[in-house]
Amino acid sequence: MQKYDLICAGCTSIYNDDRLKCASDGGLLRTNYSKKTLTLKDVPGMGKFHDWLPINEVMTTDSGPVTYRSTELAAELGLNNLFISFNGYWPEKGAYVKTCSFKELEAFPTVQKIRGGKSSLVLASAGNTARAFSHVSAMTGVDVYIAVPASGMSRMWLPEEPTDSIHIIQMGKNCDYTDSIHLAERIAALPGMKAEGGARNVARRDGMGTVMLDAAVTMKRMPDHYFQAIGSGTGGIAAWEASLRLRDDGRFGKKLPVLQLSQNLPFAPMFNAWKAGRCDIVKDIDMPDPKKLIHEMYADILSNREPPYSVAGGVYDALCSTNGTMHGITNSDAIKAQQMFERYEGIDIFPPAGVAVASLVEALNEHKVNAEDYIVLNITGGGVKRLEMDYTLSKIEPEFIAENSSIPLEEIMNRKVLDRKVFA
Ligand SMILES: *Cc1c(COP(=O)(O)O)cnc(C)c1O
C-alpha cells in the first residue's frame, strides 16, 4: 500500500503522483496518509513524525520543534497552560535548529524527497528559507538555486562552510521577495530544475506541521489556541492540517485549535482582508503601495504579496474551519513583546516571533483567550546569539546579481553562474 495519496482541498480529486496543483480547480493538495494513528519513531529530531511526512526514508537529523511549558512568561501573562514551540537553537532545551528558524522543518523533508533524482531544487526566499535550504544542501549535496532579495542577504550565513551545491542569486536593490519568486519560477522552468513549490509543496507543509504534532504529543492533547506570525501563512495552514490528522487519530481531542495568526503592520494584506470579511485580497485596499509599506516593517520577512489566502485549502479556509482570527501588530508592540519574551524566557528570538508574542498579549487584552486555555505559541525563529557561542558562522556569497525578475536568463547563463550541465 502507498504511504499516502494527495487530495484536493477544493474538489476532493485524488492523485497518486507527486504534483503541486489540482488539475481541475487549482486547489491546494493535501496528503492523505494511510496510517491514521501516529506512532513515533525512535529518532532524535523531526524524523520521529515519519508516519505523517511524505518521504520514505526516516530522517535522522537532530533538527526539529521543541515544545516546553512556559513558567516565567506564563506567570507574567497570567496564563496557566502556556506552551512554547521553540524552533531555533537552544541546546539547553534540546533545540538544535541550527539555521534558527522553522523554515528548516520545511527544508529537510523537501530535500529528502527529491534526493536521488537528477533535479536541482529552485526556490525564492527573503532569507530564512534560503539559509535553511542551503544548510540542508550542504549536508546532503543536493543542488539548490535560490533567488534572494538584497534586503535578505544579511541573513545569508551558515553554521558550516558553504558548499558548491549552494547557488545564491541576489536580486537588485528595488526588488522585493515577490520579485525573487518570479525569477525563481522562470529558472525552475529550465530543464533539470525543479520548483520547490512554496505553500503548494506538501513536504514543506507537513514538515512545518510537526510543530503542532510535537505540541500535541507533549501536551497529550491538542491546544485550544495556536499563535503564529505569518507572511505566506504556510505555517498556519500546516498547523490546521496537522490538527485535522490529530483529530482523526482520536487520542488528542476533537476540537480543532483556534488559529490566532498575526501580521506586522503596516503591510498586512491577509489581516486586512480577514478583518473586512473578505475571502480574497484586494490589492488597492489591502496592500496599497506595497514597497513603501514593506520598507516600514520591523519583521520585514513577513512580507509576501501573493500569499495562499483565498486558494481552496488556504489561509482563509483554515481560519474559517478553526473559528480563527487575525491580529495586526505594530512595530513598537512587536519590539516590546520580543524584549519581554527574551527577558522572561531567557533566549533571543527573531522579529516575527516578537509579532506572535505581541498577538498573544493582544488576544489576552481582547479576552480572546482564558487563563486556563491550552495555548501553543510558535516561536518561529531564535537562538542565533546562543548559536554564535557554539559555532563560527560563515557568510554565503551570491553567484549572481539579477537587477529584476525579467532579466534574460541567458545573462545568468553567459556568466556561467548556473550549472553548466543544465545549459549544455
Ligand atoms: C517564514 C517565517 C514566518 C512566517 O511563516 P509562514 O507561515 O510561512 O507565513 C514566521 N517567522 C519566521 C522566523 C519565518 O522565517
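If you're wondering where the values come from, they're calculated on a predicted model, not measured in any experiment. (Residues numbered from 1 in each chain as written. Predicted model: local features only at pLDDT ≥ 70, side-chain atom pairs only at ≥ 80, totals over all residues. Heavy atoms only, no water.)

Caption draft 1: Main features of the environment of leucine 319. Here leucine 319 is to be found in helix α11 (residues 315–321). Using a relative accessible area of 0% as the deciding quantity, one classes leucine 319 as buried. Spatially, the C-alpha atom of leucine 319 lies 8.7 Å from that of tryptophan 240, the residues being 79 residues apart in sequence. Excluding its chain neighbours within four sequence positions, the residues that come into contact with leucine 319 are Leu259, Leu261, Trp274, Gly324, Thr325 and Met326. (Helix = DSSP H or I, 4+ residues; strand = E, 2+ residues; numbered from the N terminus. Buried < 20%, exposed > 50% of the residue type's maximum accessible area, 1.4 Å probe, protein only. Contact = heavy atoms within 4.5 Å.)

Caption draft 2: Quick peek at the pattern of salt bridges. Inspection of every chain in the model, using the stated rule, returns 22 salt bridges. Between aspartate 300 and arginine 155 there is a salt bridge; the shortest N-O distance is 2.7 Å. Of this pair, aspartate 300 sits in the loop between α10 (290–295) and α11 while arginine 155 sits in the loop between β9 (144–148) and β10 (157–158), and the two are 145 residues apart along the sequence. Judged by its relative accessible area of 22%, aspartate 300 falls in the partly exposed class. (Salt bridge = Lys/Arg side-chain N within 4 Å of Asp/Glu carboxyl O.)

Caption draft 3: Quick look at the domain arrangement of the chain. The assigned domain composition of the chain is domain 1 (66–100 + 203–386) and domain 2 (120–191 + 393–424). Centre-to-centre separation of domain 1 and domain 2, based on C-alpha positions: 27 Å. Taken residue by residue, the interface counts 14 residues in domain 1 and 17 residues in domain 2. Of the roughly 1,300 Å² buried at the junction of domain 1 and domain 2 (both faces included), carbon and sulfur atoms supply 51%. Counting across the domain 1 and domain 2 interface gives 3 salt bridges. (Domains from an automatic or database assignment. Buried area = accessible area lost by both parts, 1.4 Å probe.)

Caption draft 4: Region of interest: unusual backbone geometry. The residue after leucine 265, namely proline 266, is reached through a cis peptide bond having omega 10°. The residue threonine 12 is not glycine, and still its phi comes out positive at about 65°. Its location among the elements puts threonine 12 in the loop between β1 (4–8) and β2 (14–15). The exposure class assigned to threonine 12 is exposed, which follows from its relative accessible area of 55%.

Caption draft 5: Main features of the sheet that holds β2. Spatially, β2-β1-β3 is the arrangement adopted by the 3 strands of the open sheet, whose pairing is antiparallel. Lying at the two open borders of the sheet, with one neighbouring strand each, are β2 and β3 (29–33). Bridge analysis of β1 against β2 gives 2 bridges, and the strand direction is antiparallel. Each residue of the ladder has a partner; that of isoleucine 7, found in β2, is isoleucine 14. (Pairing = 2+ DSSP bridges.)

Caption draft 6: Local environment of helix α7 (residues 234–249). For α7, spanning 16 residues, the distance from its first C-alpha to its last is 23 Å, which sits close to the expected 22 Å at 1.5 Å a residue. The buried fraction of α7 is high, at 14 of 16 residues. At the C-terminal side of α7, glycine 250 shows a positive phi close to 95°. (Expected span 1.5 Å × (residues − 1).)

Caption draft 7: Up close: the confidence of the model for the chain. With 97% of its residues at a pLDDT of at least 70, the chain reaches an overall mean of 94. For the chain, per-element mean pLDDT is lowest for helix α16 (residues 420–423), which scores 42, and highest for strand β13 (residues 225–229), which scores 99. Confidence over residues 416–424 falls short of pLDDT 50; this stretch has 16 contacts with residues more than four positions distant or in other chains. (pLDDT = per-residue confidence, 0-100.)

Caption draft 8: Looking closely at the packing of aromatic side chains. Taken as a whole and assessed by the stated rule, the structure comprises 8 aromatic pairs. An angle of 65° between the planes, with centres 5.6 Å apart, marks the rings of tryptophan 274 and tyrosine 316 as edge-to-face. One end of the pair, tryptophan 274, is in helix α8 (residues 269–275); the other, tyrosine 316, is in helix α11, and 42 residues separate them in sequence. Taken together through their ring pairs, the aromatic side chains of Tyr68, Phe86 and Trp90 make up a single cluster. Stacked on the ring of tryptophan 240, the Lys or Arg arginine 30 has its end atom at 4.8 Å from the ring centre. Just above the ring of tryptophan 90 sits the side chain of lysine 93; from NZ or CZ to the centre is 5.2 Å. (Phe/Tyr/Trp six-rings, centres within 6.5 Å; stacked < 30°, edge-to-face > 60°. Lys NZ or Arg CZ within 6 Å of the ring centre and 35° of its normal.)

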